[in-house]
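Structure at a glance
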Amino acid sequence: MKALYILFAALSIVSCQNQGKEDINKAKQASIDSMKVEINKQRVIDSMKTEMASLKEQQKVEQQRVESQKVVVVHQQQANGTTTTTTKKKGWSATAKGAVIGAGVGAATGAIVSKKKGEGAIIGGLAGAALGTGTGAVIDSKKKKE
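Report follows, based on the coordinates. Not measured: the values here are computed from a predicted model. (Residues numbered from 1 in each chain as written. Predicted model: local features only at pLDDT ≥ 70, side-chain atom pairs only at ≥ 80, totals over all residues. Heavy atoms only, no water.)

The next thing to look at is the overall build of the protein chain. A count of helical and extended segments in the protein chain gives 3 helices and 2 strands. In the protein chain, the succession of α and β elements from N to C terminus is α-β-β-α-α. Across the 146 residues in the protein chain, those meeting the buried criterion constitute 12%. Considering only contacts in the protein chain between residues 6 or more positions apart, those separated by 24 or more positions represent 37%. (Helix = DSSP H or I, 4+ residues; strand = E, 2+ residues; numbered from the N terminus. Buried < 20%, exposed > 50% of the residue type's maximum accessible area, 1.4 Å probe, protein only. Contact = heavy atoms within 4.5 Å.)

The structure is reproduced here in structure tokens:
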């Protein structure tokens, strides 16, 4: 009879220990799952930031394009007193052309060279636009001197 009591006590202790291990494993799995959810949330946030930066870049290019298409109106008065009006369409400045070309070449190069294609294209595009803008500004300043 004593053997039965000892056996029953030993079984209850062992079963309690198994229950504790299961609880620990469940807690570990819950922690891992919550970390995976947070990582996925961060990926979504990062992709949205990338898209927002891309949209801002497109808006800048669009704004530069609109500004470069402004129309200049020239009034000329002739000797007989009549006025003629001619409109000249203002073309792109060398700075704007350099920025657009540099952004395109930089984005293509960045996408080709980088392992992360989207990130490389954005970084390359920004760097190319900066270099193209600088080069175009130098060309514009030379034209103004002439």
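Moving on, we get to helix 3 (residues 117-145). Taking 1.5 Å per residue as the helical rise, helix 3 with its 29 residues ought to reach 42 Å, and the 42 Å between its terminal C-alpha atoms agrees with that figure. For helix 3, the full list of buried residues reads Gly 120, Gly 124, Gly 125, Gly 128, Ala 129, Gly 132, Gly 136 and Asp 140. Buried-residue contacts for helix 3 involve helix 2 (94-113). (Expected span 1.5 Å × (residues − 1).)

This part takes up the pattern of salt bridges. Under the definition given, this model contains 1 salt bridge. A salt bridge links Glu 38 to Lys 41; the nearest nitrogen and oxygen atoms lie 3.7 Å apart. Placement of the pair is Glu 38 and Lys 41 together in helix 1 (residues 2-68), with a separation of 3 residues, close to one helical turn. Residue classification places Glu 38 among the partly exposed positions, given a relative accessible area of 48%. Classification of Lys 41 as partly exposed rests on a relative accessible area of 47%. (Salt bridge = Lys/Arg side-chain N within 4 Å of Asp/Glu carboxyl O.)

Between helix 2 and helix 3, the least distance of the axes is 5 Å, while the angle of their chain directions is 155 degrees. For the element pair helix 2 / helix 3, the angle class is roughly antiparallel. The handedness of the crossing between helix 2 and helix 3 comes out as right-handed. Residues belonging to the contact of helix 2 with helix 3 are distributed by class as follows: 10 nonpolar, 12 polar and 2 charged. (Axes fitted to C-alpha atoms, helices over the stretch in contact; angles between N-to-C directions. Parallel < 35°, antiparallel > 145°, perpendicular 65-115°, else oblique. Left-handed = near helix turned anticlockwise from the far one by under 90°. Nonpolar A, V, L, I, M, F, W, Y, C, P; charged D, E, K, R; others polar.)

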